[in-house]
Structures are given as C-alpha cells and as structure tokens.
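Here's the letter readout for the chains.
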Amino acid sequence: MMKLLFVRVILFGFFLCAVGPLRADTVGYWRFEQGAVTADSSGNGLDLGQTGTRISGVSRPASGPGSMLSTIPLAGATNNGVSLLNGTGDQWSVADNALLDFSASGFTFEAFVTPVLGNGYTLVAIKAEEWLATINEGNGAFKFSLNNGLGGWKGTSFTPNGENSFAAGKDYYVGVSVSPDGFVTYYYQDLTEGTLFSSTVDLNISITNLTSDLLLNGDANIRALLYMDEVRLSSGVVSASDLLPVRGGLVTDFMVGGDNASSMDLTWLNLAGSVVLESSASLPLIDSVQNSFRDPEGVSGVIKLNLQAVDDGSSNFNPFTWSGGGQSAGNVIQTLETQGWGVRTSEKTNGDIQGSEALLLTFDLSELTLGADQTLALSAIGLFNDIDVYSGDIWMRNHDVPVGELGAGRMLANNVVTFSDAMPIRDGDQIALMKGATDIRLGTLKFDILPAGFNAPKISSVLDSNLTISATNLSADAYVTIQQRESLTSGAWSDVALTSGVGLAEWVLETTNTSSFFRVKSNDTYPVPRFGYLFKPVDDSFVSEVNSTQNYGANTNLSVRTGASSQKLFSYLKFDVDEVPSSIEEVWLKVYAAQAISNAVWVRVVDDNTWDESTITWANRPVPGDIIKSKPSLSKGWNTFDLSGHITSTGTYSLAIMTSDPSEQVLMSKESVYDPVLEIRETPDGPEKPVGLFAGGSMYGSYKSNAAEVKSSGFDTLLLWSTKVRTTGELYYNLTENPLAEYGWYVGEKDWIEQLVDLKKAPSTVKRIEFSVSAWGDASFANIDALIEAEGTGEDSRLYQSFKVLRDVLGADAINFDDEEHYDVESMVEFGKMLSVLGYKVTLCPYMRPEGVWNPVYEQLEAYQPGLVDRIYVQCYAGGQYNYPEDWNTKFDGDLKVIPGLSINPDDAGGKTPAEVEAQLSEWKDHCGGGFIWLHQEILNQGYGVSTVANAVINGLE
C-alpha cells in the first residue's frame with residue numbers, strides 16, 4: 001500500500017477574480033435576485049421550480065442572518081436578493097437534464113447557506129440516487145455522499161471547526177468538487193471569519209447518472225435551511241482560484257506520496273498572504289496518489305522544505321555546534337492512524353537532547369522571488385504526539401557561527417507546544433525539532449510574506465488619556481526599564497516597569513497633572529542585582545625567555561616556569577574593572593590549573609597597562625612589581641588568590657603569575673573554556689544572624705501577592721526550593737514542575753524575573769536569595785556528579801551554563817546544597833568551586849552524616865576560598881528532629897555557627913507553632929548563627945501570617 005502524507009495549506013489574502021462572464025463550464029447558477037428569483041443566470045435555461053409555496057425570494061437582510069453575502073462573489077456586483085426557506089420542507093427543483101450528467105467530467109457544487117436553530121441534520125442539495133450534500137448544526141459535519149447506482153450510499157464528513165462548524169443564524173459557504181472516480185474536495189467558509197477551509201478524500205466510487213431531479217433544501221421542517229443564496233453547479237473540478245468566495249484565503253489539504261518522502265514543495269497563489277502547513281487528525285489513510293496542490297495560474301514562487309530525521313545512534317546531532325548526526329533509516333514522513341500525519345523520531349537516550357534524534361527542516365528558497373521590501377517569515381510552529389499536543393524544543397541554525405563551534409545552534413523555545421514569534425527565513429536556513437520521551441510530530445508550520453525589517457527591535461509610545469509603551473522584537477538578553485519622576489528637569493527617577501527580552505511587551509501607565517514624566521531605557525543585558533562583581537581578562541598571554549620574540553596571545557594556556565637561564569615562562573593578565581561596590585569585602589583571582597603544581601605560585605602587580613595579548617613577548621614584556629599573594633602549591637582545577645586590598649576602585653589592573661617550579665606548568669587562558677576570573681565581593685547588607693524562609697511553588701511565577709508579603713515580612717533570606725538538575729543539565733524548579741534553565745537559556749516564567757529583582761529592591765527586608773538544589777529522594781547530585789565527570793565545569797558545560805542563568809537572569813546570590821541521596825564529596829567540592837567562579841556563595845543544608853560528608857565538603861571549600869561557604873543550615877525537623885545546633889557546631893572548625901531550621905507544619909516530626917519556634921530558638925540562641933523556617937506554603941496553610949512567623953524567629957534569636 002502506498003501511504004500518503006496529508007498537509008493542510010492556508011493561503012491568506014484575496015483571490016483575484018476578474019469581473020466578466022461566467023465560466024464556460026458553469027451548468028447552472030441560481031442567484032435569487034428580485035424579479036428573477038428562479039432564473040438560471042448561466043444561460044443554460046435551467047430555471048428553478050418549487051415543490052411548495054412556503055419558499056420565496058426576498059431582499060437581502062441589512063443585518064443578522066442572511067446579510068453577510070453583500071456582493072456577487074464572481075463579478076463583485078451588489079447582491080440584492082436571497083432565497084428565504086424559513087425552515088420549511090419545501091424545495092427548489094431543477095428537472096433532470098443531459099447537462100446534469102457528470103459521470104465523465106465530475107462536477108462542483110457551491111451554495112451559501114444559513115442554518116435554522118435546533119436543526120441538526122440539514123439537507124443542502126440532493127440528486128436522488130446520485131449524490132447529496134448535508135450539514136449538521138449539532139456535530140459540525142459537512143457531509144457528501146455518492147450513490148453506487150444500486151441504492152447504496154457511500155459518504156464522508158468534513159468538520160473544519162469541530163462541533164462549532166455550523167451555528168444557527170450564521171452565514172456559510174459550502175462547496176464540493178467531485179472527480180468522476182470519486183475524489184471529493186470539500187470547501188467551507190464561515191463568512192464572519194473569512195478563511196476558506198478545504199479537505200480532499202477518496203470515496204473510491206464513481207459518479208452515476210440516473211434521471212432524478214436536483215432538489216435544493218430539506219424535504220421536512222427539521223431538515224430545512226433558513227436562507228440559501230448564490231447556488232452554482234459546474235461541470236468538472238473547479239480550481240481554487242475560481243470558487244465563489246472572495247473573502248479571506250484558502251486552506252487545503254494536499255498529499256505527498258511515498259513511504260520515504262523527505263521533501264515537499266509549497267506553491268501559493270498570492271505572495272501577499274500566508275502559507276500554513278497543518279496536520280489533520282480526521283483524515284483517513286487512502287491508497288491512491290493525488291498531485292500536490294498546484295495551480296499554474298498566478299504562481300509567484302515555490303518554497304521547498306526538506307525534512308531529515310537524524311539518528312540518535314553512533315553519530316549524534318549536537319544542537320549547540322549544529323554538527324554530527326546522519327540520515328535516519330526508515331520513514332522520515334509517516335501517516336499516522338489516529339493523528340493525520342507527522343514525523344516519527346526515536347526516543348531520546350536518557351532524555352539527553354545532545355544524544356537524541358532530531359528532525360531537521362531545511363528551507364530551499366531558490367525558486368522564490370520576493371520584492372525588495374519583502375521578507376519570508378516563519379510565523380508559527382506547532383507540535384503534537386500520539387496522544388495530544390507535545391512540549392518540544394525548537395532550535396535554529398546560527399549562520400554567524402561556523403558549524404562545529406559552540407553557538408552554531410541557538411534555542412528558539414524550550415518545552416513548548418507552539419512557537420509564534422515570527423522570524424525571517426533565508427535560503428538554506430535550518431530548524432531542528434528536538435523531542436522528549438514521546439514521539440514528536442510536526443503539527444503546524446506557518447509562513448508569511450512580511451515587510452523587510454519587520455523583526456527590527458522597536459520601542460514605541462502612544463499618549464492618550466494614559467501613556468502606552470510597547471516593545472517588540474527585543475533580543476533574549478535585552479531589557480527595558482520605564483522610569484518616572486515628578487519633574488521634567490529634576491528629581492530622582494524611579495522604576496515603574498521592568499522586563500527581560502520578549503517578542504512583545506506593553507505597559508499602560510496612568511498620567512496625572514502632578515506626576516506624568518516618563519522615560520524608557522533599553523540595554524543589552526538584564527539588570528540583576530550584583531552581590532559579586534565578576535570580571536574576565538581583556539588580555540592574557542604568557543611569554544617565553546627562550547623564544548623572546550614569540551607571541552602566545554592566542555593560546556588556550558598560560559604557562560609558568562622558573563628553570564635555568566633562558567627557560568623562564570611568565571604569564572600576564574589584564575582586567576578592566578568598570579564598577580566596584582561602595583563597600584568591598586574581598587577580592588579573589590581565580591585560575592584553573594591543568595595539573596597539580598607542587599611548588600610555589602605567586603601573583604605580582606604590574607604597573608604598566610600598555611601591553612596587549614596580541615603583541616606581548618619576552619622582549620617587550622612589562623616588568624613585574626611586588627608580590628601580592630603567594631601559595632605554596634596549586635591543586636588541579638580551580639584555585640584562588642586573595643587580592644583584597646590591592647583593588648579598591650575602578651580602573652585597569654595588570655597582574656603577572658610566576659612559579660618556582662622548574663618544569664612547565666599550565667594554567668588556562670581566556671581562550672579556553674576555563675577563563676580566569678577576578679571577583680570583587682560586596683560587604684553583605686543583612687543582620688548578624690540571618691532569618692531564612694524556605695519556599696517552593698508558592699513563590700513561583702505570578703504569585704506576586706505572596707512575594708509582596710514576604711518582602712515586608714522580616715525574613716532577610718529566601719531559599720527557593722527545590723531546584724532539580726536533570727541528567728541533561730536542565731534545571732527545573734519545585735522538583736519537576738517548572739522548567740528554569742536549559743543550555744544557557746532561561747525558560748521559566750518571565751514574570752518571575754521582575755518579581756525576584758523586586759524582592760530585594762528597597763524597601764524590603766529580603767537581602768539574599770538562594771536556590772536550594774535537590775531534596776530527599778531526588779537524584780540531582782548524582783546527575784551533577786555524572787555531568788562533571790563527562791563534561792567538566794568549564795563554561796561550555798551544561799552545568800555551568802544552567803547555573804549561570806540563575807545568576808545572570810534571576811540574580812541568585814547563593815546555591816544551597818540539600819543532598820539527601822548521593823553524598824559524593826569530590827563532586828560536591830568541584831560543583832562548589834564552579835559556583836564560586838560564577839560569583840555565588842555556597843551554603844549547606846544537612847540533617848545527617850556531618851563527619852563523613854558535610855565536614856570534608858566544608859573544609860575543602862574553605863581551604864579553596866575562605867568564606868565561600870558562609871552558612872550551614874541544619875534541619876531540626878522531620879528526619880533531623882533530634883539535631884541540636886550545639887552538637888553540630890563541633891563538627892566544623894572555625895567560628896561559623898550553624899543555622900537551625902524548624903518546621904511550621906504540625907504534621908512534620910518536630911513541627912511547631914510560631915510561639916514554640918520562638919521558645920525553641922530562645923533556648924538555642926547562644927549556639928545559633930541564625931534561624932530558618934520550613935515552609936512558606938505551610939505558613940499559608942496554617943494561616944499564621946508570614947510576618948508573625950518571621951518575628952517569632954527574630955525574637956527567639958535576640
């Protein structure tokens with residue numbers, strides 16, 4: 001059997017029909033105009049008779065039912081008359097005639113109809129024992145049937161808008177084109193909406209010719225119409241451009257034959273319109289082949305779309321670099337028994353997008369001609385699977401980055417059912433559809449011809465009674481700030497609206513006589529609050545004494561060595577510090593060693609900043625000055641140098657790194673994925689004893705009322721629980737419910753960005769936001785371990801990219817370790833070092849295993865960077881109900897005191913009321929570094945009030 005692909009194409013815009021005589025193949029045309037109600041306008045003399053007196057021709061209503069058809073569709077003249085059927089069982093009739101024999105030619109029947117309220121099955125036309133057409137207000141079906149000449153009927157239904165396809169009192173166009181061998185093309189148009197829908201099916205039965213009359217309207221009240229108009233019967237299959245409707249555009253199904261079809265050509269009639277490919281769940285499989293929809297008249301261009309399924313076998317497709325993969329064996333395009341058509345790809349390996357099969361769409365526009373001011377745009381993509389719609393990932397090829405390099409692919413959307421941000425399409429452009437655990441189907445593609453430059457970033461404003469500001473086509477990392485002040489020339493500006501990059505955003509601002517001065521600013525990056533200030537080198541290189549004129553500025557390594565005469569290697573770094581906090585607590589230089597270095601390494605000041613990495617050599621190197629910091633050895637991986645006191649203000653700072661090791665030792669340069677980092681930390685603004693609140697889904701997304709209450713509650717630290725790390729490095733919030741970050745993109749709710757930024761904006765008691773990773777029963781730290789083992793912690797690793805999003809976009813200050821399953825010290829330490837390079841503080845949240853796990857994690861991170869772990873939250877509820885802060889303080893060296901946590905949930909072991917929280921912390925206060933509460937949602941459930949619980953903690957610690 002030859003299986004076929006059904007595709008629906010929508011062409012928006014007007015079909016251009018010249019004013020003039022009727023088509024030569026018109027057999028009968030009944031227009032019901034006043035004075036010639038029953039006349040046949042075709043000139044063939046097939047005037048109407050009638051079976052009763054209750055039907056007539058009347059003037060077209062000015063409004064309401066029967067009013068929509070105001071012009072003659074073909075010629076554009078005014079349409080004054082309609083047929084009033086009024087829900088009766090009387091019919092218009094046409095006596096049988098040789099002209100009505102369509103067994104050799106096929107035919108096209110068209111009519112404008114208005115259903116009656118309450119009528120379900122309604123007859124539009126019937127030629128007894130030959131064919132009939134009906135509509136059904138109840139189930140929305142437009143049905144056509146052919147008779148086999150022996151009294152048997154075979155028919156199919158078309159429901160373009162489901163059960164709502166037909167409604168009483170609304171005006172519709174219906175039509176069918178029937179080939180001699182039984183191919184039927186349905187046409188349907190709701191005149192209120194304007195789009196013409198079409199579908200083609202095969203009845204696999206030939207047209208017969210008997211001697212019955214043609215009858216219009218139902219033969220009983222329950223099967224009758226309210227109005228009928230502009231009925232036309234034509235010999236042959238009329239092309240789409242010659243149909244009666246002139247409003248809107250055309251939607252039609254066409255088929256691509258072949259078991260392994262891998263491309264389709266889309267040809268449209270009107271380049272000012274749109275083309276939509278859309279799946280159809282109602283179409284059955286058929287065995288024969290029909291040509292793709294093509295009309296040679298007026299064709300202005302062709303889009304060719306090539307579909308390629310990429311294996312998830314040995315040659316994987318990597319969307320980051322847009323490389324790898326190979327043509328999948330087996331079907332690329334398949335018809336599906338229950339869902340029309342789609343593309344079936346195999347399941348992801350462990351949900352890994354980089355190791356999964358993808359569907360690649362390549363656009364060939366070589367035969368498409370556009371005007372100088374026109375652009376082809378892909379306006380919408382829709383996905384679905386075997387069961388229902390499916391949330392998939394959509395990537396696009398980035399032409400500015402060579403294939404094989406990071407950034408060659410960019411994600412358009414993550415976990416979406418539809419994507420509708422119009423984007424320009426060029427010849428050769430590619431899109432990749434990635435899938436999850438179920439088979440993905442390409443459900444819809446919509447193309448538009450739009451003015452060139454339609455997607456240029458734009459900010460506009462309209463002043464009426466209020467000020468409306470609109471932003472369109474902002475990049476993903478852009479943001480808009482709207483500010484207001486009371487005077488045009490003086491006073492402080494205050495933020496009244498803030499958004500990240502979006503396709504479309506709009507703000508309506510009230511204007512008053514006393515305060516109506518606004519300004520709009522757009523920047524390239526989102527203004528997250530800065531707890532730490534991170535800088536990467538603007539120049540770095542090493543110099544070689546033996547190769548005194550050689551430049552190494554493009555190298556990925558920074559080499560150091562002392563050695564004998566002419567063997568020295570020095571490395572240089574230069575940083576442009578353009579901003580520092582008002583109060584600097586500490587300054588850290590962080591470098592990555594390719595191997596452990598057992599001898600001393602030191603950092604010297606360099607006063608001369610005129611060098612650059614592309615020209616520096618041993619011969620022209622600046623002379624290093626005093627030693628700022630020395631370390632007796634370096635471990636493999638990340639290492640820190642405390643430069644506090646050396647950098648106190650903005651400016652350019654150069655540094656030299658040297659060693660006493662006689663062998664060449666390698667540090668990584670900014671040309672690698674382990675860039676050196678200079679971090680300046682601000683003195684924290686918060687109480688001596690922090691008061692923390694764990695919160696889950698109650699603080700996510702659009703819960704602004706909850707955020708406002710927390711902002712003024714007295715809690716100074718918000719711990720957002722729980723962030724789950726998947727095997728792919730994707731981050732989800734509140735376990736698996738809400739996607740947060742994927743491959744360097746923020747994919748959560750945009751409202752949350754503004755909400756979290758606002759939480760720390762004065763006036764607010766909240767000074768710090770932490771994301772808590774993992775939970776009991778969760779494998780996040782096992783996944784972190786595996787990701788570090790597979791990819792390391794460089795900036796190209798998925799772990800680095802995802803946590804960079806939480807810092808850069810959401811302004812997170814710290815990452816909280818809530819590992820209750822995996823307990824691997826080495827990977828937790830490496831994870832903590834990576835987080836430090838991103839500017840995070842690290843906090844721990846244990847309830848057991850202090851000696852074997854949490855103590856070595858703390859000690860190793862403390863040795864790496866003193867103060868990196870600045871809080872240890874100890875769970876004193878549920879599984880940790882017998883924990884006491886005094887005991888836990890003995891498990892960690894130094895002056896750091898643990899922060900005990902109590903649950904406000906009465907169902908938890910050790911759960912307490914606010915009064916009991918205050919009493920317990922008052923008993924423990926001499927051994928506490930602060931206190932925290934579990935859980936915000938339970939405060940809401942118990943009705944305590946967030947401030948009440950915060951005050952219980954504060955009072956207990958005093």
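Residues numbered from 1 in each chain as written. Predicted model: local features only at pLDDT ≥ 70, side-chain atom pairs only at ≥ 80, totals over all residues. Heavy atoms only, no water.

Per an unreviewed UniProt entry, the protein goes by Gellan lyase and derives from Pontiella sulfatireligans. If you open the UniProt record of the protein and go to Subcellular location (unreviewed entry), you find "Secreted". (UniProt positions renumbered as here; feature names shortened; annotations may be inferred.)

Caption draft 1: Structural detail: the sheet that holds strand E43 (residues 627-631). The strand order across the open sheet formed by five strands is E38-E40-E45-E42-E43, and the pairing between neighbours is antiparallel. The open sheet is flanked by strand E38 (539-544) and E43, the only strands paired with a single partner. Put simply, the sheet's adjacent strands are angled 20° from each other on average, direction ignored. Here strand E42 (residues 601-606) pairs with E43 via four bridges, running antiparallel. If you follow Arg604 over to E43, its bridge partner there is Ile627. (Pairing = 2+ DSSP bridges. Helix = DSSP H or I, 4+ residues; strand = E, 2+ residues; numbered from the N terminus. Axes fitted to C-alpha atoms, helices over the stretch in contact; angles between N-to-C directions.)

Caption draft 2: A look at the environment of Gly832. Among the structural elements, Gly832 can be located in helix H5 (residues 825-837). Apart from the residues lying within four places of it in its own chain, the contact partners of Gly832 are Phe817, Val842, Leu861 and Leu868. (Contact = heavy atoms within 4.5 Å.)

Caption draft 3: Region of interest: the state of the cysteines. In this structure the tally under the stated criterion is zero disulfides. Unpaired in this structure, Cys845 has its nearest cysteine sulfur neighbour in Cys876, at a distance of 9.8 Å. (Disulfide = S-S within 2.5 Å.)

Caption draft 4: Region of interest: unusual backbone geometry. With an omega of 0°, the peptide bond running from Trp721 to Ser722 counts as cis. The topology assignment puts Ser722 in strand E49 (residues 717-725). Residue Pro763 follows Ala762 across a cis peptide bond; omega there is 0°. Looking at the secondary structure, you find Pro763 in the loop between helix H2 (750-759) and strand E53 (768-773). Positive phi outside glycine occurs at Tyr823, with the angle close to 60°. With respect to the helices, strands and loops of the structure, Tyr823 is situated in the loop between strand E54 (814-817) and H5. Despite not being glycine, Ala878 shows a phi value in the positive range, around 50°.

Caption draft 5: A look at the packing of aromatic side chains. Throughout the structure, instances matching the rule amount to 36 aromatic pairs. Put simply, the rings of Phe694, Trp721, Tyr873, Tyr877, Phe932 and Trp934 pair up and form one aromatic cluster. Taking NZ or CZ as reference, Lys574 lies 5.0 Å from the ring centre of Trp611, over its face. One residue, Arg807, lies across the ring of Tyr840, its end atom 5.6 Å from the ring centre. (Phe/Tyr/Trp six-rings, centres within 6.5 Å; stacked < 30°, edge-to-face > 60°. Lys NZ or Arg CZ within 6 Å of the ring centre and 35° of its normal.)

Caption draft 6: Up close: the side chain of Asn557. Looking at the secondary structure, you find Asn557 in strand E39 (residues 557-560). Note on Asn557: relative accessible area 17%, which makes it buried. Only 3.4 Å separates the side chain of Asn557 from the side chain of Asn555, close enough to count as a polar contact. Within the structure, Asn557 has its side chain in polar contact with the side chain of Ser559 (distance 2.8 Å). (Buried < 20%, exposed > 50% of the residue type's maximum accessible area, 1.4 Å probe, protein only. Polar contact = N/O pair within 3.5 Å; in protein donor to acceptor, adjacent residues only side chain to side chain.)

Caption draft 7: Representation of the environment of Ala554 in the model. Looking at the element boundaries, Ala554 is found in the loop between E38 and E39. Between the C-alpha atoms of Ala554 and Ser541, which are 13 residues apart in sequence, the distance is 7.6 Å.

Caption draft 8: Structural detail: the confidence of the model for the protein. Residues with a pLDDT of 70 or more make up 71% of the protein, whose mean pLDDT is 78. Considering only residues more than four positions removed or in separate chains, one finds that residues 1-21, a stretch of pLDDT under 50, has 90 contacts. Low pLDDT, under 50, characterises residues 524-531; the stretch is placed with 33 contacts to residues that sit more than four places away or in other chains. (pLDDT = per-residue confidence, 0-100.)

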